[in-house]
Amino acid sequence: MAFTGLEPNTPAYRGMLLALFAGGVATFSQLYAVQGLLPVIASYFEITSSRTALAVSSATLGLALAVTPWAIISDRVGRRKVISIALVSSVALGMLSCLAPSFEFLVAIRFFEGIALAGVPGSALAFLVDEVNPRAVAVASGTYISGTTLGGLAGRLVASFVADPAGWRWGIAAVSIMAGLATLFFLLKAPSAQGFAPIRDQNLGSIARKFAQALRGKMALVYAQGFLLMGGFVAVYNYLAFRLEAPPYLIPASWAALVFLAYLSGTYTSVASSKLVARAGRRNTLRLSILLSAFGLLLTLAGNLVVIIAGLLIFTAGFFAAHAVASGWVPVLATGARAQASSLYNLFYYVGSSLLGWLIGIPFLHYGWASVVLCVGALQVVALILASLLSRTDPSLRR
């Protein structure tokens, strides 16, 4: 009898969800651990805020460049094996980064750590679609995304609170240890592949055809959502801590890191968005999510700290709902090239993070927080226009 996918409410299905949740935690706790330490690292190495942001951008750039090669490898050796290798090697590199003698060395190690981590987002959704019954894909992908939000939150908070008394090196080390435990959980809980069929006869021609298939129709417009929205999202979190530590707020670095608790709103909406998709369709859910995020962004212009935090909560909730819809949509559309489509989405997503997350720091240095809101708001407007164009010109993508 042909394998039709893991059914909801079975032990294997729950094991899959828990394993991918842990994989998301391990990956994104390491990827963004230094984001909560940017003001501390800037002070330690005596560099500007925009240059310090390279510690984040270098890792996301490495991840962006390596997602596609990892996807090709996963087609040959399997998604589970690739994720396992990626997690173990990234933990080792994370521990090495604690010993960085210079900022340039830290940036270089972070770049290679991003390359290692790329195996997880490059294969996780394809692993899920291969193994889970199609009826449960939306919920399962939302669970994985919620793991990424908790990982991003935990990495930032743990690093910041450990670094406050012990220094940034111990902050990164603590996150690497936490990621190591999550990696062990993944290795123990991830089920063996049953729906994966390895591709043994890959060549440049077949690989090119797969990626061409993943670019058919209006797929690039879906990928653009990741580029635009993630670029703006990372920029907000890169530079908000610098704003809060400056007058008139003068909040200590460890307490400023508490703004990352806003990630909890994303943990909820990344799962809840799947329910709205079932009722309103993907196109409408995506557009509503972008509008929600834009409203939250505008609130951060306020001078009142409570309103800023409320705005950040709403901004984050909208972003992760949009990301869950777009990323979960990609492998469903690209039925014959799931790994390639997922890798392309991640390529756009993390190039946006690396490039825009750094570039928006330049106007921030000269014009302050209002320039960040203006730049990120412009990205959201473009994303909303492209989402509307997608639904209007390609009826097959409306649901």
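Residues numbered from 1 in each chain as written. Predicted model: local features only at pLDDT ≥ 70, side-chain atom pairs only at ≥ 80, totals over all residues. Heavy atoms only, no water.

As recorded in an unreviewed UniProt entry, the protein chain goes by the name MFS transporter, listed as coming from Glutamicibacter nicotianae.

K.L.:
Which parts of the structure should I look at to understand the packing of aromatic side chains?
P.N.:
Aromatic ring pairs: the centre-centre distance and the angle between the two ring planes describe each pair. Applying the stated criterion across every chain yields a total of 16 aromatic pairs. Relative to Y237, the ring of F233 lies with its centre 4.9 Å away and its plane at 50°, an arrangement referred to as tilted. Of this pair, F233 and Y237 both sit in helix 11 (residues 219–245), four residues apart, roughly one helical turn. Comparing F233 with Y237, the two get one shared label, buried. Through a chain of ring-to-ring contacts, the aromatic side chains of F28, Y32, Y345, Y349 and Y350 assemble into a single cluster. The ring of Y237 has R156 sitting right over it, with the charged end atom 5.8 Å from the ring centre. (Phe/Tyr/Trp six-rings, centres within 6.5 Å; stacked < 30°, edge-to-face > 60°. Helix = DSSP H or I, 4+ residues; strand = E, 2+ residues; numbered from the N terminus. Buried < 20%, exposed > 50% of the residue type's maximum accessible area, 1.4 Å probe, protein only. Lys NZ or Arg CZ within 6 Å of the ring centre and 35° of its normal.)

K.L.:
Would you take a moment to explain helix 6 (residues 103–117) for this structure?
P.N.:
Structural remark: α-helix, 3.6 residues per turn; residues separated by three or four positions point the same way. Between its first and last C-alpha, helix 6 extends 21 Å over 15 residues, near the 21 Å set by a 1.5 Å rise per residue. Within helix 6 the residues assigned to the buried category are F103, L106, V107, I109, R110, E113, G114, A116 and L117. Where helix 6 is buried, its residues contact helix 1 (11–31), helix 2 (38–45), helix 3 (49–52), helix 4 (54–77), helix 5 (79–97) and helix 9 (168–189). (Expected span 1.5 Å × (residues − 1). Contact = heavy atoms within 4.5 Å.)

K.L.:
Before we go on, may I ask you to explain empty space enclosed by the protein in this structure?
P.N.:
Picture a little ball the size of a water molecule; that probe, rolled over the atoms, points out where space is still empty. Under the definition given, this model contains three cavities of 30 Å³ or more. Empty space within the largest cavity amounts to approximately 160 Å³. Taken together, 20 residues form the lining of the largest cavity, with F28, T148, H323, Y349 and Y350 sitting closest to its centre. Broken down by secondary-structure element, the contributors of at least two residues to the lining of the largest cavity are helix 8 (137–166), helix 11, helix 15 (305–333) and helix 16 (338–359). No other element matches the five residues that helix 8 contributes to the lining of the largest cavity. Partitioned by chemical class, the residues of the lining of the largest cavity number 14 nonpolar, six polar and no charged. Put simply, the second largest cavity is a space of about 60 Å³. What lines the second largest cavity is a set of 13 residues, among which L229, S293, F315, F319 and Q380 lie closest to the centre. (1 Å grid on protein atoms, 1.4 Å probe; cavity = no way out; pocket = protein on both sides within 12 Å on 5 of 7 lines; lining within 4 Å. Points joined across faces, edges and corners; volume = space filled by probe spheres on them. Nonpolar A, V, L, I, M, F, W, Y, C, P; charged D, E, K, R; others polar.)

K.L.:
Quick question: what am I supposed to make of a nonpolar patch on the surface here?
P.N.:
Residues V88, L184, L187 and L188 make up a contiguous nonpolar surface patch of roughly 370 Å² in combined accessible area. Element by element, the count of residues in the nonpolar patch is highest for helix 9, at three residues. With respect to the helices, strands and loops of the structure, L184 is situated in helix 9. (Patch = residues over 30% accessible without salt bridge, like charges linked within 9 Å, V, L, I, M, F, W, Y side chains within 5 Å. Areas by Shrake-Rupley, 256 points an atom, 1.4 Å probe, with all protein chains shown as cover. Salt bridge = Lys/Arg side-chain N within 4 Å of Asp/Glu carboxyl O.)

K.L.:
Explain the nonpolar core to me, please; I cannot follow it from the model alone.
P.N.:
If you look at soluble globular proteins, the nonpolar side chains tend to sit buried side by side. Residues L20, V236, Y237 and Y350 are the most contacted members of the largest nonpolar core, which totals 125 residues. In terms of residue count, helix 11 provides more of this core than any other element does, 17 residues in total. Those residues in contact with Y237 that sit more than four places away from it in its chain are Q35, V259, F260, A262, Y263, L312, F315 and T316. (Core = buried A, V, L, I, M, F, W, Y, C linked by side-chain atoms within 4.5 Å.)

K.L.:
Which parts of the structure should I look at to understand the packing of helix 5 against helix 6?
P.N.:
When two helices pack together, their arrangement is given by the angle between the helix axes and the distance between those axes. Interhelical geometry of helix 5 versus helix 6 gives an angle of 170° and a closest axis separation of 8 Å. Classified by the angle their axes make, helix 5 and helix 6 are roughly antiparallel. Of the residues in helix 6, those touching helix 5 at A86, S89, S90, L93, G94, L96 and S97 are L106, I109, F112, E113, A116 and L117. (Axes fitted to C-alpha atoms, helices over the stretch in contact; angles between N-to-C directions. Parallel < 35°, antiparallel > 145°, perpendicular 65-115°, else oblique.)

K.L.:
Teacher, can you tell me more about the packing of helix 4 against helix 5 here?
P.N.:
Relative orientation of the contacting elements helix 4 and helix 5 amounts to 130°, with a least axis distance of 7 Å. Comparing their axes, helix 5 and helix 4 come out oblique. On helix 5, the residues touching W70, I73, S74, D75 and V77 of helix 4 are R79, K81, V82 and I85.

K.L.:
I tried to follow the environment of Q380 on my own but got confused; where do I start?
P.N.:
Positionally, Q380 belongs in helix 18 (residues 369–393). A relative accessible area of 6% places Q380 in the buried class. On a C-alpha basis, the gap between Q380 and L228 in space is 6.9 Å, while along the polypeptide they are 152 residues apart. Sequence-distant contacts of Q380, defined by excluding residues within four places in its chain, comprise L229, I290, S293, A294, L297 and F315.

K.L.:
Even after reading the chapter, I still don't get the pattern of salt bridges, so can you show me in this structure?
P.N.:
When the charged atoms of two side chains lie near each other, side chains of opposite charge can form a pair. Considering all chains together, one arrives at two salt bridges under this definition. Here R51 and E104 are joined by a salt bridge, their closest N and O atoms 2.5 Å apart. Taken together, the positions of R51 in helix 3 and E104 in helix 6 put the pair 53 residues apart, joining distant regions of the chain. When its relative accessible area of 47% is taken as the criterion, E104 is described as partly exposed. Note that E113 and R110 form a salt bridge whose closest N and O atoms lie 3.6 Å from each other. On the criterion of helical spacing, the pair formed by E113 and R110 is a turn pair, its members being three residues apart in helix 6. The same class applies to E113 as to R110, namely buried.

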